[in-house]
Amino acid sequence: MLHLNSNNTMVRLIFLLKFTTVLFSMVNSSLPDDPIKCSSANRNCTITNSYGAFPDRSVCRAAEVAYPTTEEELISVVARATTSKRKMKVATRFSHSIPKLVCPDGEEGLLISTKFLNRTLEIDRERMTMSVESGVTLRQLINEAAKAGLALPYAPYWWGLTVGGMLGTGAHGSTLWGEGSSVHDYVIQIRIVTPAGPEEGHSKARTIVSGDPDLNAARVSLGVLGVISQVTLQLQPLFKRSITFSVKHDVDLGDQVARFGYQHEFADMTWYPSQRKVAYRIDDRVSSNVSGNGLNNFIGFRSMVSAVLAILRTTEENQEFKGDADGKCIVGELTTSTLIISAYGLTNDGIVFTGYPVIGCHNRLQASGTCLDSLNDGRITACPWDPRVKGVFFHQTAFSISMSKVKSFIQDVQKLIQLEPKAMCGVELYNGILMRYVKASNAYLGKQEDAVDFDLTYYRSKDPMSPRLYEDILEEIEQIGLFKYGGLPHWGKNRNVAFEGVIKKYEKAEEFLKVKDMYDPLGLFSSSWTDKVLGLTDGVTIVKEGCALEGLCVCSQDIHCSPSKGYFCRPGRVYKDARVCTR
């Protein structure tokens, strides 16, 4: 029997497991599960996300799922549903959005999957444009563009996102250069299938082009305008990049962050607050004549041996149960050291890392996700977050703070860490806080100002009533960012608390809602959740047992919280002791 009581034993074991993970993470794994499950013939279905749990831990139901393979079939599917005034929601193959964007109301709704709308339609090398169907993944997009000598300049770091999903949630990479890091700002045309009146056959495909103000609504749509069928992107000639990670003390991070994004085109930072360290990504274009065939195969996106995942998860559960902050800090340092030593999965030739800089073609460096390169092996290996195995299970908080306020926010976080130096060790287990640059967008629901996006991933218990170590600090950071500094939440991530009153932060929200009403006047692509997020009905607050632990409850005024007598909920703040908030 394996015992983990000794810190020395644990250190040696975790160190071995971390490097075993690096060595064996090229093994083929079981394909990620389809998020849609039906009892028979595409009927009586359930849908969840790739993590197996929405923020409120519910599994959404639908009466049926449709898998159109052409735009014509998609038009027909929407027409039939419109005729019967049936609620619809769009789903993707891998379903990586954490909030309930894919959930129709009730159990009689229709899911429309873009799984088979996955073709490249046209590449125009002269104009440097590319037209694809909305179910094309980021990986397909990158590879097909590269074959034509073209590149999407900025993108998220994970391959398994679809073009439609990226537009629906405002997904982005990191830059303050050019048009910015958001994929939607490189979209020059969208075809979207919406409901219509009987005179138009109950549905129609609308073409929205650059210069049409409706494009600013469709670029970030939350899926409430209709089903995106085709997208045309403005690309650039394929180029090379040079990447170096430099690890420094975080004492001047607040000052550095304001400069760093303007100094390097693809700059980002990974912050380890409890260790007082920052890994700066020095990442720029270089001449195509510079030699190098570098490859990005990020360790966190590789398949892992399921038995290793189970041991790592059990270790963290034990640390949480015992309140073992020291153990978490030890493992957090081992995790970050392993990533830093292994260059986060970068290699100079696709096989071995020999030193910085890593130079290679943009398409080989901008994103990764090899746990999608999978054979069915009975789940001996899997993506680390695959809910079918005992692996990572986490909350994720992501919000952007404007450049004018980001230094003050960082300093506030540093003050909290001075009070509780071990408080963020649990976040460092998940590679710290990823900080990416995002630029102001014309999209109505896009970024309102140039900003820095903070992405925190941290332990989530299988028991919704079980608090986390230093939960109060994590809640404080989340709410300082969202409420004190007016942070904008990432539409595809976050717990419910992040979306409380969010629509008031968007200057042109009314313009978006006008387009929504025009495209889908019956609200067939909306749900009770999206109505709340868009401010059309009461807020996203959920009051139930464990609400504060799950980020579901925000108190709107000073009220008593029971059963922890003597505690109060202040406006915009959640307390870990508050099980139920009542007026």
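Structure shown above.
Let us look at the structure shown here.

Cut-offs and rules
- Residues numbered from 1 in each chain as written.
- Predicted model: local features only at pLDDT ≥ 70, side-chain atom pairs only at ≥ 80, totals over all residues.
- Heavy atoms only, no water.
- 1 Å grid on protein atoms, 1.4 Å probe; cavity = no way out; pocket = protein on both sides within 12 Å on 5 of 7 lines; lining within 4 Å.
- Points joined across faces, edges and corners; volume = space filled by probe spheres on them.
- Helix = DSSP H or I, 4+ residues; strand = E, 2+ residues; numbered from the N terminus.
- Core = buried A, V, L, I, M, F, W, Y, C linked by side-chain atoms within 4.5 Å.
- Buried < 20%, exposed > 50% of the residue type's maximum accessible area, 1.4 Å probe, protein only.
- Contact = heavy atoms within 4.5 Å.
- Pairing = 2+ DSSP bridges.
- Salt bridge = Lys/Arg side-chain N within 4 Å of Asp/Glu carboxyl O.
- Axes fitted to C-alpha atoms, helices over the stretch in contact; angles between N-to-C directions.
- Parallel < 35°, antiparallel > 145°, perpendicular 65-115°, else oblique.
- Left-handed = near helix turned anticlockwise from the far one by under 90°.
- Nonpolar A, V, L, I, M, F, W, Y, C, P; charged D, E, K, R; others polar.

## Considerations on empty space enclosed by the protein
Applying the stated criterion to the full structure yields seven cavities of 30 Å³ or more. Of the voids in this model, the second largest cavity is the one considered here, and its volume is about 110 Å³. The wall of the second largest cavity is formed by 14 residues, among which E320, K328, A423, G426 and L469 lie closest to the centre. Contributions of two or more residues to the lining of the second largest cavity are made by α8 (325-341), α11 (425-428) and β23 (451-459).

## What about the nonpolar core?
Residues L141, L152, L225, L233, L445, W491 and F512 are the most contacted members of the largest nonpolar core, which totals 85 residues. When residues of this core are assigned to their parent elements, the largest contribution, five residues, is made by helix α13 (residues 509-519). Leave out the neighbours within four places in its chain, and F512 touches A217, V220, S221, V224, L225, Y444, L445 and L534. The next biggest cluster of nonpolar side chains, apart from the first, holds 35 residues, and it includes L176, M269, A423 and M435.

## Some points on the pairing of strand β11 (residues 227-234)
For β11, a buried count of six out of eight residues is recorded, marking the element as mostly surrounded by other parts of the structure. The pairing of strand β7 (residues 129-133) with β11 spans five bridges and is classified as antiparallel. Bridge pairing links V132 to V231 in β11. As judged from the six bridges shared by strand β9 (residues 187-195) and β11, these two strands associate in the antiparallel manner. Among the inter-strand pairings, I190 is bridged to a residue of β11, identified as V231.

## Quick notes on the pattern of salt bridges
Any two side chains of opposite charge can pair if their charged atoms end up close together. Taken as a whole and judged by the stated rule, the model has 33 salt bridges. Measuring nitrogen to oxygen at the nearest pair gives 3.1 Å for the salt bridge that ties E64 to R86. On the criterion of sequence distance, the pair formed by E64 in strand β3 (residues 60-66) and R86 in the loop between α2 (71-83) and β4 (88-91) is long-range, its members being 22 residues apart. E64 gets classed as partly exposed once you look at its relative accessible area, which sits at 23%. Salt-bridge contacts for K328 lead to E320; the nearest nitrogen and oxygen are separated by 2.4 Å. Neither residue differs from the other here; K328 and E320 are each classed as buried. By sharing partners, the salt bridges in this structure join D33, K37, D386 and R388 into a single network.

## Examining the packing of helix α6 (residues 253-263) against helix α10 (residues 406-419)
Remark: α6 packs on α10, axes separated minimally by 8 Å, with the N-to-C direction vectors making an angle of 150°. As judged from the angle between their axes, α6 and α10 are roughly antiparallel. Seen from above, α6 lies across α10 with right-handed handedness. When α6 is examined against α10, the residues L253, G254, D255 and V257 are found in contact with a partner set consisting of V406, K407, I410 and Q414. Tallied by class, residues from the contact of α6 with α10 come to four nonpolar, two polar and two charged.

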